[in-house]
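# Per-entry structural report
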Amino acid sequence: MERLQKVIAHAGVASRRKAEELILQGKVKVNGKVVKELGVKVSPSDKVEVNEIPIEKEEPVYFLFYKPRGVLSSVRDDKKRKVVTDFFPDIKQRVYPVGRLDYDTSGLLLLTNDGEFANLLMHPRNEIEKVYVAKTKGIPSKEKLKSLEKGIHLEDGKTAPAKTKLLSLDKRKQTAIIEITIHEGRNRQVRRMFEAIGHSVLKLKRERYGFLTLQGLKAGDIRELTPHEVKQLRALAQK
Ligand code: URA
């Protein structure tokens, strides 16, 4: 189920804000009845009309994006910072990110216009494995990394078990490169996990999402997912 204004926007009829106006003006019908409230949700089988004309569903599209640092995981920004959709100027569909990476985090981000797919992947129950590489300030001890693996208390609760691997360290600069695998997707989770053991994250990159990697891509690159990859992701989330 999706919000009516979102469905109208995705059909390319109007922006989401304009769609809200159309609803409030009584110009939208769902299954033949005028709907004037904004909270209404519709399913793919509902017939939506705007000004008596049935809307066409946008064809679903799925992209893998190598987000550079310094880009917001959003479709617009009031402060005029760069946003992920600035990298998709030639696509007529209105895509948006599946979850988010922090402004200063680089790496693998999926974008789609398929709301059901995005919700499925983001649902906490579906726990898709994500692999990050973090550069930390200071070199965390084995014990501290173990505590991350077991789960650590953050202000929004204990984290689920994780995996960590010390990839390299620089004794002179007192930094370490650590691979961390998590299943959850809480806000700033990796940064907060390292902060909780006393090591701030200087740099962070998401290298893997389920079976998807950044292989062959450089920062700012985009590739379309294959239909098979989309199917595999659905299956992974529903497992
Ligand atoms: N964890 C973080 O701290 N930041 C991200 O962008 C993703 C995961």
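Just above, that's the structure.
Description of the structure in this document. (Residues numbered from 1 in each chain as written. Predicted model: local features only at pLDDT ≥ 70, side-chain atom pairs only at ≥ 80, totals over all residues. Heavy atoms only, no water.)

Among the residues of helix α3 (residues 115-122), Gly 115, Phe 117, Ala 118, Leu 120 and Leu 121 are the ones counted as buried. Buried residues in α3 make contact with β1 (2-3), β7 (62-67), β8 (96-97), β9 (105-112), β15 (201-209) and α6 (227-238). The distance from a side-chain oxygen at the start of α3 to the backbone nitrogen of Glu 116 is 3.2 Å, and the residue carrying that oxygen is Asp 114. (Buried < 20%, exposed > 50% of the residue type's maximum accessible area, 1.4 Å probe, protein only. Helix = DSSP H or I, 4+ residues; strand = E, 2+ residues; numbered from the N terminus. Contact = heavy atoms within 4.5 Å. Polar contact = N/O pair within 3.5 Å; in protein donor to acceptor, adjacent residues only side chain to side chain.)

β9 sits mainly inside the fold: eight of its eight residues count as buried. Where β7 lies against β9, six bridges are found, and the strand directions are antiparallel. Residue Tyr 62 lies in a different strand from β9, and its bridge partner there is Thr 112. Pairing between β8 and β9: two bridges, direction antiparallel. Residue Pro 97 lies in a different strand from β9, and its bridge partner there is Leu 111. With three bridges joining them, β9 and β15 adopt parallel strand pairing. Along β15, the bridge assignment pairs Thr 105 with Leu 204. (Pairing = 2+ DSSP bridges.)

Here we come to the site of the ligand. Around the ligand, the surrounding shell consists of Leu 101, Asp 102, Thr 105, Tyr 132, Arg 188, Gln 189, Val 190, Arg 191 and Leu 204. Between an oxygen atom of the ligand and a side-chain N or O atom of Thr 105, the distance comes to 3.0 Å. Take Gln 189: an N or O atom from its main chain is 3.4 Å from an oxygen atom of the ligand. When the ligand is considered free in solution it has 240 Å² of accessible area, and contact with the protein chains removes 96% of it. With respect to the detected pockets, the ligand is housed in the largest pocket. At three residues, the largest contribution of residues to the shell around the ligand is made by helix α5 (residues 189-196). By residue class, the composition of the shell around the ligand is four nonpolar, two polar and three charged. (Near = heavy atom within 4 Å. Areas by Shrake-Rupley, 256 points an atom, 1.4 Å probe, with all protein chains shown as cover. 1 Å grid on protein atoms, 1.4 Å probe; cavity = no way out; pocket = protein on both sides within 12 Å on 5 of 7 lines; lining within 4 Å. Sits in = over half its atoms within 2 Å of the grid points. Nonpolar A, V, L, I, M, F, W, Y, C, P; charged D, E, K, R; others polar.)

Another point: the side chain of His 10. Assignment of secondary structure puts His 10 in helix α1 (residues 4-10). With relative accessibility at 10%, the residue His 10 sits in the buried group. Within the structure, His 10 has its side chain in polar contact with the backbone oxygen of Asn 113 (distance 3.4 Å). Those residues in contact with His 10, other than ones at most four positions away along the chain, are Glu 58, Arg 94, Tyr 96 and Asn 113.

Turning next to the pattern of salt bridges. By the definition in use, this model includes 16 salt bridges. Residue Arg 81 is joined to Asp 77 by a salt bridge in which the shortest nitrogen-to-oxygen separation is 2.9 Å. Judged by relative accessible area, Arg 81 falls into the partly exposed class, the value being 31%. A salt bridge links Arg 192 to Asp 156; its shortest N-O distance comes to 2.9 Å. Taken as a pair, Arg 192 in helix α5 and Asp 156 in the loop between β11 (153-154) and β12 (157-158) lie far apart in primary sequence, 36 residues in all. Exposure remark for Arg 192: the relative accessible area of 15% places this residue in the buried category. Linked by salt bridges that have partners in common, Asp 156, Glu 184, Arg 186 and Arg 192 make up one network. (Salt bridge = Lys/Arg side-chain N within 4 Å of Asp/Glu carboxyl O.)

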